[in-house]
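What follows is each chain in one-letter form.
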There are 2 protein chains.
Amino acid sequence: MDETVEMKVLESDNTISVASTFPGHQEEVQDRDYHFLSLAVEEAYNGVNCGHGGPFGAVVVLNDGIVVSCHNMVLEYTDPTAHAEVTAVREACKKLGRLELSDCEMYASCEPCPMCFGAIHLARIKRLVYGAQAEAAIAIGFDDFIADVIRGTAQYQKANLEIKRADGVSLNCNPVSCCVKCP
Amino acid sequence: MDETVEMKVLESDNTISVASTFPGHQEEVQDRDYHFLSLAVEEAYNGVNCGHGGPFGAVVVLNDGIVVSCHNMVLEYTDPTAHAEVTAVREACKKLGRLELSDCEMYASCEPCPMCFGAIHLARIKRLVYGAQAEAAIAIGFDDFIADVIRGTAQYQKANLEIKRADGVSLNCNPVSCCVKCP
């Protein structure tokens with residue numbers, strides 16, 4: 001759902017190539033995604049440093065501005081539903097004074113669990129970019145429940161949402177310093 | 001996970017029958033479930049009467065006592081995640097001062113949506129009894145996303161949770177008076 005407008009170009013040798021609207025467009029989108037995703041990862045580290053919960057961050061973006069930047073608040077709130085993504089949906093809706101975020105994107109440091117994916121869907125967020133794959137969280141002791149949602153379940157197939165996994169950006173969580181295991 | 005202890009009894013004709021621990025035990029469990037489920041349905045009506053959100057209620061029970069009785073607070077909180085079940089998990093954890101509810105049961109007026117099911121799973125609730133099937137909610141305009149979770153998804157199959165659908169108890173929602181459509 002980014003602003004990329006692609007055109008099919010018929011080359012002189014009859015092959016078809018695809019051109020972006022302007023030179024460097026794809027790189028710009030990549031840079032923008034990398035920028036916001038890095039902020040989500042930074043937020044994950046902040047949360048652990050504060051002792052608020054597990055190493056997860058989420059940023060909600062409207063146009064090119066940050067609406068909210070949140071981390072996991074499970075321990076701080078004694079609330080097993082206060083994952084970064086759910087907290088970000090809640091805070092963004094409160095801030096914007098509305099129940100749907102269909103003009104917003106979410107950048108999450110890690111693949112959302114089924115509960116978070118449900119919240120993202122219910123808020124009608126239009127685009128989700130996430131960093132680490134669920135296995136990164138499972139490896140440090142989180143419930144493998146987290147891995148169920150993006151891959152092959154009915155929820156994902158039905159969601160009207162663009163999802164992008166950003167290869168190369170990982171949480172790089174250190175199991176020794178952030179072994180907070182929220183349920 | 002109720003307290004039923006069943007015994008296999010070898011009859012004189014060599015057939016095996018199953019006996020409950022005392023006469024009338026099954027009926028007592030039914031009565032108990034009916035009681036708490038009725039309270040969840042009542043809570044759903046309360047929520048609509050207050051204008052707090054959609055017609056959904058959830059009660060968390062520990063032993064035979066009510067920990068919290070909550071309804072959908074989506075409109076009141078401007079929070080698309082404030083479904084009755086999520087609100088009940090949050091409030092129960094806050095009240096008991098802990099992150100897991102593995103000794104608790106939840107009674108929900110309607111089949112939980114995937115987000116709520118995620119929250120129930122994360123809180124380790126041991127038993128879920130629900131009333132109306134998702135179709136009842138879909139019929140009055142709610143997202144059919146709600147129907148995905150209990151039936152045949154990986155989430156449900158992996159959950160260590162007893163789930164009971166209480167036939168015969170329905171929300172009986174009137175589409176004219178409670179057509180609040182939260183996203």
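Below or above, wherever it landed, is the structure these notes cover. The shown structure was predicted, so the numbers you read here are calculated from the model rather than taken from an experiment.

This paragraph deals with the overall build of chain A. Across its full length, chain A holds 6 helices and 7 strands. Sequence-ordered secondary structure for chain A, helices as α and strands as β, is β-β-α-β-β-α-α-β-α-β-α-α-β. The buried share of chain A, reckoned over its 183 residues, is 51%. In chain A, the proportion of contacts linking residues at least 24 apart, taken out of those at least 6 apart, comes to 58%. Taken as a whole, chain A presents about 8300 Å² of accessible surface, with 52% of it coming from carbon and sulfur.

All names here are of chain A. This structure, assessed with the given rule, holds 2 aromatic pairs over all chains. Geometrically, the ring pair formed by phenylalanine 36 and tyrosine 107 is tilted, given 5.3 Å between the ring centres and 40° between the ring planes. With phenylalanine 36 in helix H1 (residues 25-50) and tyrosine 107 in strand E5 (residues 104-110), this pair connects stretches of sequence that are 71 residues apart. For the residue pair phenylalanine 36 and tyrosine 107, the accessibility class agrees, reading buried in each case.

Bringing the pattern of salt bridges into the picture now. Taken as a whole, this structure holds 14 salt bridges over all chains when the rule is applied. Close ionic contact of arginine 127 of chain A with aspartate 33 of chain A constitutes a salt bridge, the shortest N to O distance being 2.8 Å. With arginine 127 of chain A in strand E6 (residues 127-132) and aspartate 33 of chain A in helix H1, the pair connects residues that are 94 residues apart, well separated along the chain. Arginine 127 of chain A gets classed as buried once you look at its relative accessible area, which sits at 1%. We note a salt bridge from aspartate 103 of chain B to arginine 98 of chain B, for which the minimum N-O separation is 3.1 Å. We classify aspartate 103 of chain B as partly exposed; its relative accessible area is 31%. Residue classification places arginine 98 of chain B among the partly exposed positions, given a relative accessible area of 24%. Within this structure, Arg32, Asp33, Asp64, Glu105 and Arg127 of chain A form a network of salt bridges that share partners.

Conventions we followed
Residues numbered from 1 in each chain as written. Chains lettered and ligands numbered in written order. Predicted model: local features only at pLDDT ≥ 70, side-chain atom pairs only at ≥ 80, totals over all residues. Heavy atoms only, no water. Helix = DSSP H or I, 4+ residues; strand = E, 2+ residues; numbered from the N terminus. Buried < 20%, exposed > 50% of the residue type's maximum accessible area, 1.4 Å probe, protein only. Contact = heavy atoms within 4.5 Å. Areas by Shrake-Rupley, 256 points an atom, 1.4 Å probe, with all protein chains shown as cover. Phe/Tyr/Trp six-rings, centres within 6.5 Å; stacked < 30°, edge-to-face > 60°. Salt bridge = Lys/Arg side-chain N within 4 Å of Asp/Glu carboxyl O.

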